[in-house]
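Each chain, written out:
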2 protein chains.
Amino acid sequence: MSSVPIAAEQDPGTTVTLLEPDGGSGLVRRTVLPGGLRVVTENIPGGRSAAFGISAATGSRDEDSAHAGSAHFLEHLLFKGTRTRSALEISALLDGVGADHNAYTTKEHTCYYAKVLDRDLPLAVDVVGDMVANSVLDEGEVETERGVILEEIAMYEDEPADLVDDVFAEHFFGDTPLGRPILGTTDSIGALARDRIAEQYRDAYVPSELIVTAAGSLEHDKVVEQVQAMFADQLAAAGEARPSRPRGPGEPVRTYGGTVVQPRETEQAHIILGSEGLTRADPRWHALRLLSAALGGGMSSRLFQEVREKRGLAYAVQAYHTAYADTGTFQIYAGCLPEKADEVIGVCRDELAKVAASGITSEELSRAKGQIQGAMVLGSEGTSARMGRLLSHELTRPRHSSIDEDLARYDAVTRDDVAAAAAELLARPRALAVIGPYEADREF
Amino acid sequence: MSSVPIAAEQDPGTTVTLLEPDGGSGLVRRTVLPGGLRVVTENIPGGRSAAFGISAATGSRDEDSAHAGSAHFLEHLLFKGTRTRSALEISALLDGVGADHNAYTTKEHTCYYAKVLDRDLPLAVDVVGDMVANSVLDEGEVETERGVILEEIAMYEDEPADLVDDVFAEHFFGDTPLGRPILGTTDSIGALARDRIAEQYRDAYVPSELIVTAAGSLEHDKVVEQVQAMFADQLAAAGEARPSRPRGPGEPVRTYGGTVVQPRETEQAHIILGSEGLTRADPRWHALRLLSAALGGGMSSRLFQEVREKRGLAYAVQAYHTAYADTGTFQIYAGCLPEKADEVIGVCRDELAKVAASGITSEELSRAKGQIQGAMVLGSEGTSARMGRLLSHELTRPRHSSIDEDLARYDAVTRDDVAAAAAELLARPRALAVIGPYEADREF
């Protein structure tokens, strides 16, 4: 299996088997079309659903400051009409078969998807493919959608538990693409010209940057054939192009410690305490996931026990890790009444120090493994989750792995591995972001 | 099939088949144990997961004003320790197998659940059963958890898009159990005594009020045997008791029209426009679901098209219906910049008037059917959703129906049925609730 190439090294016009149907996964195949578009499918016999998606390897970190939010704006516009379909026709076709359909933009990619009954997969390919291949980006629709995105920004501002993630990132990564909100700002969205968005569509939605993924009871060749027909013009124009390589680590990413407070008359203080984590390719990734689960991944985790169960100081407290191509963040979120914030932050800091010094117990490690592995197997029953796995492998990993291989990677992690990861990662400089009814210079 | 009794009329000590394994459902069986506890399972061969739940037929509408929030408080306390397990032991056992476990309280029932790998079903029955059967409601834990619930209330206050639901209900149903928030208020939670909560546990968590449901690759008899052993003491004490009847319609429910504004410095106005809907048993229920989908159930719905796609006035706009035993609410939610609220409300009112006058088109009806039916089949792949179906049938319907029967009920609805439902329901007096930066007496 190790001889299977990554997409960028696979000869155009060929199909390879990435995983044989065992190890918890179905038959996974990838075709690279001449012109560089890749189609990756997993055949999961027996189910009634199929999940289909098209992703572009572009996200908010590809934007400069003046155009912040353009990848996400473009995502909205792709729903607004193609050369042959209006916005209503697009949504009516998908709604009419009960599709679970939508799109999302991250800092590093954008994805359009539909989960449907397997008999409706050709329809999903047709409609989602049309949106991505043939959008018209109508001038009038740009203006209408500008209003919708300004509403989305305002909606997000009214969700401080989520917003504090952006406040943290803006402080931690500074005035850089990674530090800016995916939605953009009211200023950048107000000023974005249609031509700039159209340019991004032309440059970033080319075959070499697109990844088609599908999972369910399906035939690979049929999906490939349909996709090839839909993107015929783009593939012809792309000529000899091959799929792009996964986004790699570039320059070291600068991060900033210290505290940022966003004063706001909220009922709770919304707190993120975070530090630099690991890139996606880091070999310590599985150890960090286990560490994160033991610290703040469930009701039995240390932070939940110490902050909520023993002291009743918060309803929500959790730890999580976000990985990028060249960096990552390890964060704790807690929400509590403003007068309890100092105590909550103190308890969190204490627990981080303890784990940095002594790692976690054998019992905690075994529980964290059971938790992550059980959730992985439970999650793998759905075709949407399986499609997400395909995409994640293509975007970030040198090769695809089966579910059983991933389970084994967690099995292999030792207490020493976790202790070593904890000792290094939890001792890194931390930043603190707080939204709450405080002065901006309040110290915690 | 129509000769199958409801649980309250099934002889204790017997097992009946509720559905044969066809029509999209698995084999569904119900055992009524001597003492009145019922166990309903659906065997779904081939999957790897099982979902298990225990529900009590008690919720916030069973509380008086002074004790608002006690059903939900009790739900929290059941995680805090049994005669043989601490809170940490409970959560560690479930986390350790990757269980998706939690609980929720509604206005009419409370449910504790765990979704696990099928090999772990006996563990889930053991732990969730122990929580419900043997809670100690420790005095110290009551005090700690009081803090957690006050945090939960504060957290909810910081989510105005959700909170406006409570503001609406409080106005629409007035100072009655249905009008009060499930979480209670800071006053009621601050004052709730342990004894009052313990009394509710003693009275409402008796075998006749409990419903055990499980779905997945399982053996009915084994689940029954384990549940019977866990609740042996309670069953013995219950003697001749039979399962309670589903909550039925009582006195007509009084509702209030007009407008309520909760002044708050939010970025968006959060708006609910609503009127009385249907009880759960109403024969027009399927027509109303279709009407709701056509009006505001997807991107192709009228409200989404008129408010967002054509005018760019909101990010989120949707219609939905909530049914109770004796009443229901039909609501539209929209979030928009405060200066656009009048226009958004105006467009919503216009669309309601149009649909009340002319119903929906054949195309809209056909799309709404496809949407609901497709989503129903897609959703039925998961064991949690299947367990939810079992519970919903036991709580609210005279008999269980297969997925195919439910699909056929939607097929049978005509344009005239929808038009008749729209003409009556959408002409009922409406109430309007708004959270936003306005004066309390602002008119819309």
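Residues numbered from 1 in each chain as written. Chains lettered and ligands numbered in written order. Predicted model: local features only at pLDDT ≥ 70, side-chain atom pairs only at ≥ 80, totals over all residues.

1. Focus: the relation of the copies chain B and chain A
For the record, the criterion: Copies overlap after least-squares fitting; the atoms used are the C-alpha atoms of residues with pLDDT of at least 70 in both. It is the C-beta atoms, placed from the backbone, that decide contacts: two residues are in contact if theirs lie within 7 Å.
When chain B is brought onto chain A, the operation consists of a screw motion whose angular component is 180 degrees and whose axial shift is 0.0 Å, with 0.0 Å RMSD remaining. Here the transformation between the copies is reduced to the relation of a two-fold axis. Closest to the rotation axis within chain B is the C-alpha of Glu159(B), separated from it by 2.9 Å. By residue overlap, the copies meet face to face through one surface: 100% of the interface positions of chain B are interface positions in chain A.

2. Observations regarding the confidence of the model for chain A
As a reminder, the rule being used: Note on scores: pLDDT gives the predictor's confidence for each residue, bounded by 0 and 100.
Considering every residue of chain A, the mean pLDDT works out to 96; 100% of them sit at 70 or more. As a predicted assembly, this complex carries a pTM of 0.96 together with an ipTM value of 0.95.

3. Quick word on unusual backbone geometry
All names here are of chain A. Here is the rule we go by: Helix and strand assignments follow DSSP, with helices taken as H or I runs no shorter than four residues and strands as E runs no shorter than two, numbered in order from the N terminus. Here exposure depends only on C-beta density: within 10 Å of a residue's C-beta, 20 or more other C-beta atoms make it buried, 12 or fewer make it exposed, and intermediate numbers make it partly exposed, the C-beta atoms being placed from the backbone.
Positive phi, close to 50 degrees, is recorded for Leu137, a residue that is not glycine. Looking at the secondary structure, you find Leu137 in the loop between helix H3 (121-133) and helix H4 (139-157). Using a count of 18 C-beta atoms within 10 Å as the deciding quantity, one classes Leu137 as partly exposed.

4. Things to note about the UniProt feature "domain: Peptidase M16 C-terminal" (unreviewed entry) in chain A
The cut-off we apply is this: UniProt positions are given in the numbering used here, feature names are shortened, and annotations may be inferred rather than shown by experiment.
The sites that UniProt annotates as "domain: Peptidase M16 C-terminal" (unreviewed entry) are residues 193-371 of chain A. Helix makes up 43% of residues 193-371 of chain A and strand 21%, whereas the separation of the span's terminal C-alpha atoms amounts to 47 Å.

5. A short note on the sheet that holds strand E9 (residues 269-276) of chain A
All names here are of chain A. The condition that has to hold: Here, strands pair whenever DSSP counts at least two bridges between them. Here an angle of 0 to 180 degrees is reported between the N-to-C directions of two axes, which are lines fitted to C-alpha atoms, with helices fitted over the stretch in contact.
The sheet built from five strands is open, its strands ordered E8-E12-E9-E11-E10 with mixed pairing. Each edge of the open sheet is held by one strand with a lone partner, namely strand E8 (258-263) and strand E10 (317-323). Averaged over all neighbouring strand pairs, the angle between strand axes comes to 15 degrees, with direction disregarded. The strands touched by helix H12 (residues 341-358) are E9, strand E11 (328-336) and strand E12 (430-436); relative to E9, the strand with the most contacts, the crossing angle is about 25 degrees.

6. Describing the sheet that holds strand E5 (residues 100-105) of chain A
Residues and elements named next belong to chain A. Taken in spatial order, the seven strands of this open sheet run E1-E2-E3-E7-E4-E6-E5, and their pairing is mixed. The open sheet is flanked by strand E1 (14-19) and E5, the only strands paired with a single partner. Pairs of neighbouring strands in the sheet enclose a mean axial angle of 15 degrees, with direction left out of account. Where helix H14 (residues 383-396) meets the sheet, its contacts fall on strand E2 (27-32), strand E3 (38-43), strand E4 (49-56), strand E6 (110-117) and strand E7 (210-216), and the angle it forms with E7 comes to roughly 145 degrees.

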